[in-house]
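Each chain is listed here by its residues.
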Amino acid sequence: MVGTLIFSLIFLAALAVCVYFAWKGRWKKSLGFAAVGAVSFAGAYFLAKAVSAKIAPPLAEALKEGFLEVLSLRSDVMLREEAMLRTSALAVTAIVSMALFLVIFLMLFLIGGVLTHLVISAAQKNSAAKSPEKPLPWLSLVFALISFGTVSFAILYPLGAASSVAAASAKNCGYDLSASVLTNPISRLYGISGRGFFDRLTEISGAELKNSEEAELGTNIYIAAKKVAEGKDDDGTSIEKIAESLRSSYILTDFTSELVANAANSWKNGREFMHRKIKLPEGRNGELVSDVLEILSGWQRENLVSDIDTLINLYKLLKSREIDKITDGDELFEAMTEPEFVESLFIELSGNDDFIAIIPRVMRFGIGTAIDSMDMEMNDDYIVEFDASELSPEDWSNEAAAFSTLLRRMKEMSESEDGDFDVGALLTDIYQLSDSKLLSNMLLNLLIQVLYNTQLGGLFG
């Protein structure tokens, strides 16, 4: 609030000074400065474009890694960085173009203004005795305002572009924008044409994009992700907005896939990324989170959109069971005892080439959690990996029913007191699940182990 107040006061003070001297001054001088402003603006635009085309690429190449450092996008271990470096080079090029324009404009306007002042002052002295200039304060004021508008636009168009982008993203995402420097009337006024000029000035030859559109899509993702993190996305709208923005972007798909891959790889290995370090949960839940991070560390542009769609559906599925995150191990295990949940989970994961590999690990998590609750040790030799891609959606429905039934029975066993458990019901379940394509490889031996340790083992003890 203080920043926008100071900004507004400086702007209004500058406008008041311009009006005062224009009203008191001569209209020819005001006309001269307006002409100088227009010529300086046009000259700065064309010169900045020409010079930027020559110096920006090598400069961007030299500064791009430093740019990533400033944004905290570097890690001790980087899996891939081609798209991130390419994006930073585009950003550096845009900044160079804007800086060149401002410097060239101010130099041209300053030089032109001094020359105009000297020429007009000399001309007025020579002609004052012959035909005194008729005072026209209103005309002088009009020309002065044109000059003020040109100069202020040349300085403030980036703020106007940022204001336009932020306002559009906030509206798209249903978010109340609190940055007053971007929402005050002055910023919004310059945003009307500032965004279009920003795009023309910073456009890069051969790149099929508009920088402000990419910035808006990136801001959409940031705001939507922030709403999700704050728990303000009960209906999944923000998650869908992230996917929609990624689909529409020219550069963010590549950038995001690398960003997520590098972040997941760093966090999985206990390193910081963007000044953040994730502590994995202990036990089975930590293993599952690690498995998910491993999948994310392999993200590629080609599969990003389908992966995002899968994540959206998984997010909605978890929210439907009031599970906020996969680190909620107890709630996740409880949901896995429900056939409808497991069926939706398996079908969603099996339909994605990246996430299908998580299914065996989800099974390992569920069975391991059940075994742990029974104070037993899981023999990993009984958990045999399988080719999940061979199963059809119908197969997955059957396997989901089998898996949830198994977990439900094991949960009942763990909660039973003094061996008060219906062994016959468990054996019936085993018989009914004998046609399962996964149980024979993955679960049957484990069931035998459970039975031996909890029930049959007592006959020989």
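Data block above holds the structure.
Keep in mind it's a predicted model, so treat the numbers as computed, not measured. (Residues numbered from 1 in each chain as written. Predicted model: local features only at pLDDT ≥ 70, side-chain atom pairs only at ≥ 80, totals over all residues. Heavy atoms only, no water.)

1. Topic: the packing of aromatic side chains
Phase 1 of the analysis: Counted according to the given criterion, the structure contains 17 aromatic pairs.
Phase 2 of the analysis: Note on Tyr45 and Phe46: the rings are 5.1 Å apart at their centroids and 80 degrees apart in plane angle, and the pair reads as edge-to-face.
Phase 3 of the analysis: According to the relative accessible area criterion, Tyr45 is buried, its value standing at 16%.
Phase 4 of the analysis: Exposure remark for Phe46: the relative accessible area of 57% places this residue in the exposed category.
Phase 5 of the analysis: Where Phe153 meets Tyr157, the ring centres are 6.2 Å apart and the plane angle is 35 degrees; that geometry is what we call tilted. Separated by four residues within a single helix, Phe153 and Tyr157 lie in helix α4 (residues 137-173), roughly one turn from each other. Summarising the burial analysis for this pair, Phe153 and Tyr157 share the class buried.
Phase 6 of the analysis: Chaining the aromatic ring pairs together yields one cluster made of Phe11, Phe41, Tyr45, Phe46, Phe101, Phe105, Phe109, Phe148, Phe153, Tyr157, Tyr190 and Phe197. (Phe/Tyr/Trp six-rings, centres within 6.5 Å; stacked < 30°, edge-to-face > 60°. Buried < 20%, exposed > 50% of the residue type's maximum accessible area, 1.4 Å probe, protein only. Helix = DSSP H or I, 4+ residues; strand = E, 2+ residues; numbered from the N terminus.)

2. Looking at the nonpolar core
Phase 1 of the analysis: Met336, Phe341 and Phe346 are the most contacted members of the largest nonpolar core, which has 40 residues in total.
Phase 2 of the analysis: Looking at this core, the elements with two or more residues in it are α9 (252-268), α10 (283-296), α11 (301-320), α12 (329-335), α13 (339-350), α14 (359-373) and α15 (393-415).
Phase 3 of the analysis: With seven residues, α14 is the single largest residue contributor to this core.
Phase 4 of the analysis: Excluding residues within four positions of it along the chain, Phe346 makes contact with Ile359, Val362, Met363, Trp396, Glu399, Ala400 and Phe403.
Phase 5 of the analysis: By size, the runner-up hydrophobic cluster in this structure holds 31 residues, among which are Leu100, Ile104, Ala154 and Leu201. (Core = buried A, V, L, I, M, F, W, Y, C linked by side-chain atoms within 4.5 Å. Contact = heavy atoms within 4.5 Å.)

3. Section: the layout of surface pockets
Phase 1 of the analysis: In this structure, the second largest pocket occupies an estimated 600 Å³ of space.
Phase 2 of the analysis: Lining the second largest pocket are 22 residues; nearest its centre among them are Val17, Cys18, Ala144, Ser147 and Phe148.
Phase 3 of the analysis: When contributions to the lining of the second largest pocket are tallied by element, the ones reaching two or more residues are α1 (2-24), α2 (27-70), α3 (82-128) and α4.
Phase 4 of the analysis: The greatest single-element share of the lining of the second largest pocket, amounting to eight residues, is contributed by α1.
Phase 5 of the analysis: Partitioning the lining of the second largest pocket into residue classes produces 15 nonpolar, five polar and two charged. (1 Å grid on protein atoms, 1.4 Å probe; cavity = no way out; pocket = protein on both sides within 12 Å on 5 of 7 lines; lining within 4 Å. Points joined across faces, edges and corners; volume = space filled by probe spheres on them. Nonpolar A, V, L, I, M, F, W, Y, C, P; charged D, E, K, R; others polar.)

4. What about a nonpolar patch on the surface?
Phase 1 of the analysis: Residues Val103, Met107, Leu110, Ile111, Val114, Leu115 and Leu118 make up a contiguous nonpolar surface patch of about 680 Å² in total accessible area.
Phase 2 of the analysis: The topology assignment puts Met107 in helix α3.
Phase 3 of the analysis: By relative accessible area, Met107 is classed as partly exposed at 48%. (Patch = residues over 30% accessible without salt bridge, like charges linked within 9 Å, V, L, I, M, F, W, Y side chains within 5 Å. Areas by Shrake-Rupley, 256 points an atom, 1.4 Å probe, with all protein chains shown as cover. Salt bridge = Lys/Arg side-chain N within 4 Å of Asp/Glu carboxyl O.)

5. A word on the side chain of Ser169
Phase 1 of the analysis: The residue Ser169 is located in helix α4 in this model.
Phase 2 of the analysis: On the accessibility criterion, Ser169 (0% relative accessible area) is buried.
Phase 3 of the analysis: Of note is the side chain of Ser169, whose polar atom sits 3.0 Å from the backbone oxygen of Glu216. (Polar contact = N/O pair within 3.5 Å; in protein donor to acceptor, adjacent residues only side chain to side chain.)

6. Comments concerning the packing of α4 against helix α7 (residues 211-229)
Phase 1 of the analysis: Here α4 crosses α7 at 45 degrees, and the two axes come no closer than 9 Å. The pairing of α4 with α7 is recorded here as oblique in orientation. Note on packing geometry: the crossing formed by α4 with α7 is right-handed. Side by side, α4 and α7 meet where Val165, Ala168, Ser169, Ala170, Asn172 and Cys173 of the first sit next to Ser212, Ala215, Glu216, Thr219, Asn220, Ile223, Ala224 and Lys227 of the second.
Phase 2 of the analysis: For the contact of α4 with α7, the per-class residue count stands at seven nonpolar, five polar and two charged. (Axes fitted to C-alpha atoms, helices over the stretch in contact; angles between N-to-C directions. Parallel < 35°, antiparallel > 145°, perpendicular 65-115°, else oblique. Left-handed = near helix turned anticlockwise from the far one by under 90°.)

7. Examining α13
Phase 1 of the analysis: Relative to the 16 Å expected for twelve residues at 1.5 Å per residue, α13 spans 16 Å between its end C-alpha atoms, a close match to the ideal helical length.
Phase 2 of the analysis: Among the residues making up α13, those that are buried are Phe341, Val342, Leu345, Phe346, Leu349 and Ser350. The arc that holds the buried residues of α13, viewed along the axis, is 145 degrees, so those residues lie on one side. (Expected span 1.5 Å × (residues − 1). Arc of directions from axis to C-beta.)

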